[in-house]
Amino acid sequence: MALSIGAHVDQEDPVAEALARGTDVVQMFLGDPQSYKGPVVRYPGGAAALRAAAEAAGVSLYVHSPYPINVAATNNRIRIPGRKLLQQHVLAAAEIGAKGVVVHGGHLGTDEDAGVGFDNWRKCVDGLDLPVPLLIENTAGGDNAMARRLEAIDRLWEAVGRASGAENVGFCLDTCHAHAGGIDLVDAAAKIKAITGRIDLVHANDSRDEFDSGADRHTNFGSGFVDGEALVAVVREAGAPVVCETPGGVEGQSADIEWLRARV
């Protein structure tokens, strides 16, 4: 069975965006990705209409949670609103029939105890109602990030594994983030699977910056520093649906989707 390879698209009509790219899987935001405001379904007719349209078209939807969420934070004014916002997005994602909600692993200050951050993740998962899977994504930067280095991902997974509802937590592997975060892509998927036991979604992106740069800047395949063969190897080993978060709208993303399909 062929892998589903799609893209991150505008939230107004994600089904139409999927059809324009000739794909059956898309990722979207619900509302403002830079805000603590709650989720908004902008599709005409609301959540029920979007769910029906996606099901009729055979399109799988994934939701990317807002960027400010950092449930690892030691600062209550960041951590607690972040947990609340994440819960809201998970419930909204369930209403539209999404397959999962992607959330960044978060980070602590360089002088803070990483162990506190990992345990905050455990507490977060303990307190969440997860009607759809929560997919923790590896991140590119931060020396005290919860999901940048393999060692951190290992500690994060150990902590999350002790939470009630851990079976509803999966992993999203971003190739740009891994490259920029200092994880060798050649065997990245195998090493992460060895830690987590699963990869539920792949964010396939080239990187505008060099290996271990810590910079989260995506670009189209073949125009950055990610080795094409290594990227394809990740997708093959992961065996999970793929979302291209690359620039260029329909034209740029369609080209990336076709590039990857031809090689996988």
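The preceding data block contains the structure.
Cut-offs and rules
- Residues numbered from 1 in each chain as written.
- Predicted model: local features only at pLDDT ≥ 70, side-chain atom pairs only at ≥ 80, totals over all residues.
- Heavy atoms only, no water.
- Phe/Tyr/Trp six-rings, centres within 6.5 Å; stacked < 30°, edge-to-face > 60°.
- Helix = DSSP H or I, 4+ residues; strand = E, 2+ residues; numbered from the N terminus.
- Buried < 20%, exposed > 50% of the residue type's maximum accessible area, 1.4 Å probe, protein only.
- Polar contact = N/O pair within 3.5 Å; in protein donor to acceptor, adjacent residues only side chain to side chain.
- Contact = heavy atoms within 4.5 Å.
- Pairing = 2+ DSSP bridges.
- Axes fitted to C-alpha atoms, helices over the stretch in contact; angles between N-to-C directions.
- Core = buried A, V, L, I, M, F, W, Y, C linked by side-chain atoms within 4.5 Å.
- Salt bridge = Lys/Arg side-chain N within 4 Å of Asp/Glu carboxyl O.

> Before we move on, can you summarise the packing of aromatic side chains with the specific residues and values?
Counting across every chain of the model gives three aromatic pairs. Here the aromatic rings of Phe 29 and Tyr 67 are separated by 5.5 Å at their centres, their planes lie at 75 degrees, and the arrangement is edge-to-face. Placement of Phe 29 in the loop between β2 (25-28) and α2 (46-57) and of Tyr 67 in the loop between β3 (60-64) and α3 (76-95) is noted, with a sequence separation of 38 residues between them. A relative accessible area of 13% places Phe 29 in the buried class. Each ring, one from Trp 157 and one from Phe 171, has its centre 5.8 Å from the other, and the planes form 70 degrees; the classification is edge-to-face. Taken together, the residues Trp 157 in helix α5 (residues 150-160) and Phe 171 in strand β6 (residues 169-174) connect sequence positions 14 residues apart.

> Before we move on, can you summarise the side chain of Gln 27 with the specific residues and values?
By the secondary structure assignment, Gln 27 is in strand β2. A relative accessible area of 0% places Gln 27 in the buried class. Within the local environment of Gln 27, its side chain forms a polar contact with the side chain of His 8, the two groups lying 2.8 Å apart. Of note is the side chain of Gln 27, whose polar atom sits 2.9 Å from the side chain of Glu 245. Here Gln 27 is in contact with Ala 7, His 8, Val 9, Tyr 62, His 64, Val 102, Leu 201, His 203, Val 243 and Glu 245, once residues within four sequence places are set aside.

> Before we move on, could you go through the sheet that holds strand β5 (residues 134-137) and cite the residues and values that matter?
As summarised here, the arrangement of the eight strands in space is β1-β2-β3-β4-β5-β6-β7-β10, forming a closed barrel in which the pairing is parallel. Geometrically, the sheet is characterised by an average inter-axis angle of 30 degrees between neighbouring strands, direction not taken into account. With four bridges connecting them, strand β4 (residues 100-104) and β5 associate as parallel partners. In the strand pairing of β5, His 104 is matched with Glu 137.

> Give a detailed account of the nonpolar core, specifying residues and quantitative values.
Counting 74 residues, the largest nonpolar core has Leu 86, Ile 96, Trp 121, Leu 134 and Leu 260 as the members making the most contacts within it. Per-element tally for this core: the top contributor is α5, with seven residues. Residues within four places of Trp 121 in sequence aside, it is in contact with Val 71, Ala 72, Val 103, His 104, Gly 105, Leu 134, Ile 136, Met 146, Leu 156 and Val 160. Counting seven residues, the second largest nonpolar core, distinct from the first, contains Tyr 62, Leu 135, Cys 172 and Leu 201.

> Explain the pattern of salt bridges to me, and be specific about the residues and the numbers.
In total, this model carries 13 salt bridges according to the counting rule given. Between Asp 126 and Arg 122 there is a salt bridge, with the nearest N and O atoms lying 3.2 Å from each other. One end of the pair, Asp 126, and the other, Arg 122, are both in helix α4 (residues 114-127), four residues apart, so they sit about a helical turn from each other. Classification of Asp 126 as partly exposed rests on a relative accessible area of 35%. Assessed through its relative accessible area of 18%, Arg 122 is described here as buried. We note a salt bridge from Asp 187 to Lys 191, for which the minimum N-O separation is 3.4 Å. Here the salt bridges share partners, and the residues they tie into one network are Asp 119, Arg 122, Lys 123 and Asp 126.

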